[in-house]
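Examination of the molecular architecture
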Amino acid sequence: MKQLFLLIVIFQFLTANSQRGNNWQFGNKAGLDFNSGTAVATNYSQMVQLEGCSSISDINGQLLFYSDGIKVWNRNNIVMPNGTGLWGNVSSSQSSMIVPFPADSNRYYIFTVDAQGGPKGLCYSVVNITLDVGYGDVEQKNIQLITPTCEKITSVNHCNGKDVWVIAHLNNSDKIYSYLVTSTGVNAPVISSTGTIGSAIGYLKASPDGTRLANANAYNGGLQLYDFNSTTGVVSNKKVIYSSSPTYYGSYGVEFSPNSQILYVCHGRPSPTPNWHYSELRQYSYLDSSVAKINSTKVVLGADSTFFIQHQYSALQLGPDGKIYLSIHGLQSLSVINQPNISGNLCSFTKYSMPLASNTLALYGLPDFNQSYFKGSFTYKTSCTTTAADFFYTRPNNSPSVRWDFGDPLSGNNNTSNLDSPTHIFTSSGMYVVKAIVAGPCRNDTLVKTITIDPLYVNLGPDTSICTDSLFVLNPQSGSNRTYLWQNNSTNSTLTAGSSGLFWVEVTNPGIGCKVRDSMLLTRKPNPIKLLGNDTTVCERTTLLLDAGNAGANYIWQDNSQSQTFLVRDAGTYFVRVNLDGCVSSDTINIQKKLIPKMYLGNDTAICDGMIIVLKPFLNHARNAEFLWSTGDTSSSIAVSQAGNYSLVVKNECGNAADGIIVKQGVCKLFVPTAFTPNNDGKNDIFKPGYGENIVQYSMEIFNRWGEKVFTSNKISDEWNGKLKGILQPNGVYVWFIRYKIDNDPKEYTQKGNVTLIY
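Residues numbered from 1 in each chain as written. Predicted model: local features only at pLDDT ≥ 70, side-chain atom pairs only at ≥ 80, totals over all residues. Heavy atoms only, no water.

1. Some points on the overall build of the chain
Counted only if it meets this: Only DSSP runs of H or I covering at least 4 residues are called helices, and only runs of E covering at least 2 are called strands; the numbering of each starts at the N terminus. Note on method: radius of gyration uses C-alpha positions; expected globular size equals 2.2 Å times residues raised to 0.38. Note on areas: these come from Shrake-Rupley sampling with a 1.4 Å probe, and a residue is covered only by the protein chains present in the view. In this count, Lys and Arg are taken as positive residues and Asp and Glu as negative ones, while His and the chain termini are left out. A charged residue contributes its charge at one atom only: NZ of Lys, CZ of Arg, CG of Asp or CD of Glu.
A count of helices and strands for the chain gives 2 helices and 64 strands. On C-alpha atoms alone, the chain measures out to a radius of gyration of 59 Å, which is more than a quarter above the 27 Å that the 2.2 N^0.38 rule sets for 759 residues. Along the longest, intermediate and shortest principal axes, the C-alpha atoms of the chain span 185 × 60 × 60 Å. Here the chain displays about 33700 Å² of accessible surface, and carbon together with sulfur accounts for 50% of that area. The distance from the centre of the 56 positive side-chain charges to the centre of the 53 negative ones in the chain is 1 Å.

2. Digging into the environment of Phe-566
Put simply, the test is: The classification of residues rests on relative accessible area computed with a 1.4 Å probe and restricted to protein chains. Under 20% of the type maximum is buried, over 50% is exposed, and intermediate values are partly exposed. Whether two residues are in contact is decided by their heavy atoms, any of which lying within 4.5 Å being enough.
Secondary-structure assignment places Phe-566 in strand S47 (residues 565-568). Residue class for Phe-566 comes out buried when judged on its relative accessible area of 15%. Between the alpha carbons of Phe-566 and Phe-737 there is a distance of 72 Å; along the sequence they are 171 residues apart. Apart from the residues within four sequence positions on either side, Phe-566 is in contact with Leu-544, Leu-545, Leu-546, Trp-557, Gln-558, Asp-559, Ser-561 and Tyr-574.

3. A look at unusual backbone geometry
Geometrically, the link from Thr-147 to Pro-148 is a cis peptide bond, its omega value of -10° lying close to zero. Inspection of the secondary structure assignment puts Pro-148 in the loop between strand S12 (137-146) and strand S13 (149-157). You will see that Asn-172, though not glycine, has its phi angle at about 50°, which is positive. We classify Asn-172 as exposed; its relative accessible area is 63%. You will see that Arg-541, though not glycine, has its phi angle at about 70°, which is positive.

4. What about the pattern of salt bridges?
Close approach of charged atoms allows side chains with opposite charge to pair. Basically, it comes down to this: Criterion for a salt bridge: a side-chain nitrogen of Lys or Arg within 4 Å of a carboxyl oxygen of Asp or Glu.
Under the counting rule described, the total for this entry stands at 17 salt bridges. Among the salt bridges present, the one from Asp-104 reaches Arg-107, with a minimum N-O distance of 2.8 Å. The residue Glu-506 makes a salt bridge to Arg-517 at a minimum N-O spacing of 3.0 Å. Separated by 11 residues along the polypeptide, Glu-506 in strand S42 (residues 501-509) and Arg-517 in strand S43 (residues 514-525) bring together distant segments of the chain. Residue Glu-506 is classed as buried on the basis of its relative accessible area of 11%. Through salt bridges with shared partners, one network takes in Asp-104, Arg-107 and Glu-139.

5. Quick word on the state of the cysteines
Stated formally: For this text, the term disulfide refers to a pair of cysteine sulfurs within 2.5 Å.
Counted under the stated rule, the structure contains 4 disulfides. One disulfide bridge connects Cys-539 with Cys-654, the sulfur atoms lying 1.9 Å from each other. Its S-S torsion of approximately -80° makes the covalent link between Cys-539 and Cys-654 left-handed. A residue pair is termed long-range when its members are at least 10 positions apart, and Cys-539 in strand S44 (residues 536-539) and Cys-654 in the loop between strand S56 (644-652) and strand S57 (655-665) qualify at 115 residues. Considered together, Cys-539 and Cys-654 belong to a single accessibility category, that of buried residues. This cysteine, Cys-53, is not joined by any disulfide, and Cys-266 carries the nearest cysteine sulfur, 15 Å off. Judged by relative accessible area, Cys-53 falls into the buried class, the value being 0%. Looking at the unpaired Cys-347, the closest cysteine sulfur is the one in Cys-266, lying at 13 Å.

6. Observations concerning empty space enclosed by the protein
Applied cut-off: Every definition here rests on a 1 Å grid over the protein atoms only: cavities are sets of points where a 1.4 Å probe fits but cannot get out, pockets are open sets enclosed by protein on both sides within 12 Å along at least five of seven lines, and lining residues have some atom within 4 Å of a point. Grid points are joined across faces, edges and corners, and a volume is the space filled by probe spheres set on the points. Residues are sorted three ways: Asp, Glu, Lys and Arg are charged, Ala, Val, Leu, Ile, Met, Phe, Trp, Tyr, Cys and Pro are nonpolar, and all the rest, Gly among them, are polar.
Tallied over the full model, the rule gives 2 cavities of 30 Å³ or more. Approximately 170 Å³ is the volume attributed to the largest cavity. Lining the largest cavity are 20 residues, with Asp-209, Lys-375, Asn-398, Arg-443 and Asp-445 sitting closest to its centre. Residues of the lining of the largest cavity, tallied by class, amount to 8 nonpolar, 8 polar and 4 charged.

7. Thoughts on the environment of Glu-151
The residue Glu-151 is located in strand S13 in this model. Measuring from C-alpha to C-alpha, the distance between Glu-151 and Ser-92 comes to 5.2 Å, with 59 residues separating the pair along the chain. Discounting residues that sit within four places of it in the chain, Glu-151 has contacts with Glu-51, Ser-91, Ser-92, Ser-93, Gln-94, Val-113, Asp-114, Ala-115, Gln-116, Ala-200, Ile-201 and Gly-202.

8. What about the packing of aromatic side chains?
We apply this condition: Pairing of aromatic rings covers Phe, Tyr and the six-membered ring of Trp, with a centre-to-centre limit of 6.5 Å; geometry is then stacked below 30 degrees between planes, edge-to-face above 60, and tilted otherwise.
Taken as a whole and judged by the stated rule, the model has 32 aromatic pairs. Taking the centre distance of 6.3 Å and the plane angle of 25° together, the rings of Tyr-177 and Tyr-179 count as stacked. Neither Tyr-177 nor Tyr-179 differs from the other in exposure class; each is buried. Ring centres of Phe-676 and Trp-720 lie 5.6 Å apart, and the angle between their planes is 50°; this geometry places the pair in the tilted category.

9. Some remarks on the nonpolar core
Rule in force here: Side-chain atoms within 4.5 Å link the members of a nonpolar core, which is a set of buried Ala, Val, Leu, Ile, Met, Phe, Trp, Tyr and Cys residues.
Judged by nonpolar contacts, the single largest core of 68 residues is most densely connected at Leu-32, Phe-65 and Tyr-325. Among all residues touching Leu-32, those that are not within four sequence positions of it are Asn-22, Asn-23, Trp-24, Phe-26, Ala-39, Val-40, Ala-41, Thr-42, Tyr-325, Leu-334, Met-354 and Leu-356. Residues Ala-625, Val-640, Tyr-646 and Leu-757 belong to the second largest nonpolar core, which totals 38 residues.

10. Observations concerning the side chain of Asp-368
Position of Asp-368 among the secondary structure elements: in strand S30 (residues 367-368). Of the buried charged residues, Asp-368 lacks a salt bridge, with Lys-205 as the closest side chain of opposite charge at 4.4 Å. Discounting chain neighbours no more than four positions away, the residues touching Asp-368 are Cys-53, Ser-54, Gln-94, Ser-96, Met-97, Tyr-203, Lys-205 and Gln-317.

11. Comments concerning the sheet that holds strand S59 (residues 695-703)
The condition is simple: Only when DSSP finds a minimum of two bridges between them are two strands counted as paired.
Pairing within the open sheet is mixed, and its 5 strands lie in the order S58-S64-S63-S59-S60. The outermost strands of the open sheet, each flanked by one partner alone, are strand S58 (675-676) and strand S60 (709-713). Here S58 pairs with strand S64 (residues 748-757) via 2 bridges, running parallel. In the sheet register, Ala-675 faces S64, and the bridge partner there is Thr-756.

12. Re the sheet that holds strand S7 (residues 63-67)
One open sheet holds the 4 strands; their spatial order is S8-S7-S6-S30, and the pairing between them is mixed. Each of the sheet's edge strands pairs with one partner strand only, and the pair in question is strand S8 (72-74) and S30. Bridge analysis of strand S6 (residues 53-57) against S7 gives 4 bridges, and the strand direction is antiparallel. Across the sheet, residue Ile-56 finds its bridge partner in S7, namely Phe-65.

13. Thoughts on the pairing of strand S31 (residues 379-382)
Pairing of S31 with strand S32 (residues 388-392) involves 4 bridges; the strand directions are antiparallel. Across the sheet, Lys-381 pairs through a bridge with Asp-390, a residue of S32.

14. Some details on the side chain of Ser-173
Inclusion rule: As used in this structure description, the phrase polar contact means that two N or O atoms lie within 3.5 Å; if the pair is within protein, one of them must be able to donate a hydrogen and the other to accept it, and residues adjacent in sequence are counted only when both atoms belong to side chains.
Along the polypeptide, Ser-173 turns up in the loop between strand S14 (164-170) and strand S15 (175-182). By relative accessible area, which is 9% here, Ser-173 ends up buried. Here the side chain of Ser-173 touches Lys-175 through a polar contact of 3.0 Å, landing on its backbone nitrogen. Not counting chain neighbours up to four residues away, the residues in contact with Ser-173 comprise Thr-196, Ile-197 and Gly-198.

15. Some details on the confidence of the model for the chain
One rule of thumb: low pLDDT means the predicted coordinates there are not for detailed reading. Formally: pLDDT runs from 0 to 100 and stands for how confident the predictor is about each residue.
Across the chain, the average pLDDT comes to 90, with 94% of residues at or above 70. Within the model, the stretch residues 1-17 combines pLDDT values under 50 with 78 contacts to residues more than four positions away or in other chains.

Below, the structure written as structure tokens:
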């Protein structure tokens, strides 16, 4: 077995909160569905929105409604009856933000901001999802909180995990307003003076752990990073990552990594060519350090020179899968930062790698969510071939500890760990609910993920020799839910080999993206050669030695004997099974016996003058035999006309038989007396014919002078005593009539005459 591990591990991400952010609607009728664990493009949205938008799902990930800040569409993609006229704007960077009521599962706030410091400012409306027969409707609309504001709004959980901060930026001011949404409603704002007046255009984002704010400013104002206190709502510790300058347009989209330690920003600057500009995707890390240190970590992950407003790098949004998605205006795809918790190019930025559905386009905006929905995701990697898994987590600055529960009680004390990034060897394959309990300043957060431990085993076995003309089934023994690729491009789970050669299979576990390859060299070894030969015939009184050949093999004959040879003494069917180094052949032979001829010429006989006798033997087993008579004849019978000694030899390939017969001269004519005297004197008392030794068929009838039959007999030995029915007949002349045949003569002879009865 020669195995090659093509991909040992794969990273997967977890969302720490509910599945509220699992459905995205944005741009020109574009959408993404994350309920399968990965992003799937959809095209059912009816919204066309240039910039800011929002959507919300229930805690099971089913879409409830979405908005461009002006209209509200229900889950059937129909505008709610009262769902028009909200005070967002088609050109507002973050036109709307949806926040569920903390203590009412049926109501949702839609916060909206006007464009470029417009008079409508920051407002909220209320959607009651029970209205319109459960499809929802707007029951309060455009309740103004403050005006004018920038096109910026973000939200993040309070430290207590129940309430939500909604954060906006006052236009032409350094003030940031933090509104706490509680079970009692939208509370009075906490106002923080930051010391910097930013641009109206661009994104404002809270970090998922609620400890930071990032403020992107298009055209002027640069990029600022702040600390945020999720308990008090206070914004502080301004860090100007870069300021406005005539050499660049500034920033637009901004986003934090899931662990809140890395910042991504879309940055633009002019091109020497009129109406053209450059777009860049930048990464900054070490966010707790000085501005100089942060700037020293800058990595440009991607850049393009584009015609103004076309294909600009625009919004950035963290997804439920832990990836950050980038919208580039006018494309039918999104670009993706696949590993945003990793600094540098190892974060794996891929352009245009998330295709959108047909008849949809990305524009400037992506939907905004409560950033806590994507808080504290941890990563893990599983081994392709073992039950081990490595877990990775970066604790927030305000978290003193983390405790892991791997959901594997059979592992005993190893089922828990206090390390930030532990390794656990699971006791068996299966699904496990893994929990990371993260201690925070106000509460503990439990991060939950159901993971699958499904090691990939591939074993074709050792190199093997198989018998000539036999088939061999190659089975990787890799279990269920696998995909296969063989060297001949077959994708079946097994491969039947009918020839020798090098065979390999690449097995993939789609669940973890892992591939393992194994190979086997298959050679041929000979089957036992022809064994017993053709059916045959042997003579009686002889034997035949059957030899199955293939010296050194194992043998089983029909009588379970195990020698290479078998001595045949009788006719019958004989069978042998030969096993030569694991290759098995069988043969059967049918043996018949040919017998020596058996022959008999019969008893000696007599012949009469002029008679011809045919001598024909009684034969057994004389098929295809040769005949030789003492006369020299070679036919199966001869005709003789005179007395003598005759013999015959009958011969076949197995032997011969011989017999003889004496043909003597016989008394061939009957002697019939002419008179008899039945007076009991002992002399001539009876009447019967004499001689006739060779007579084989005989009958005699005697009649008196009146024609009455007085005697009849079928035996030449029978005698007439002169009586009829016990009464002596009178003297006189009687007439007799005889019929007979003699031996070896088919002719019937007749004689008649008179006999005189005298007292």
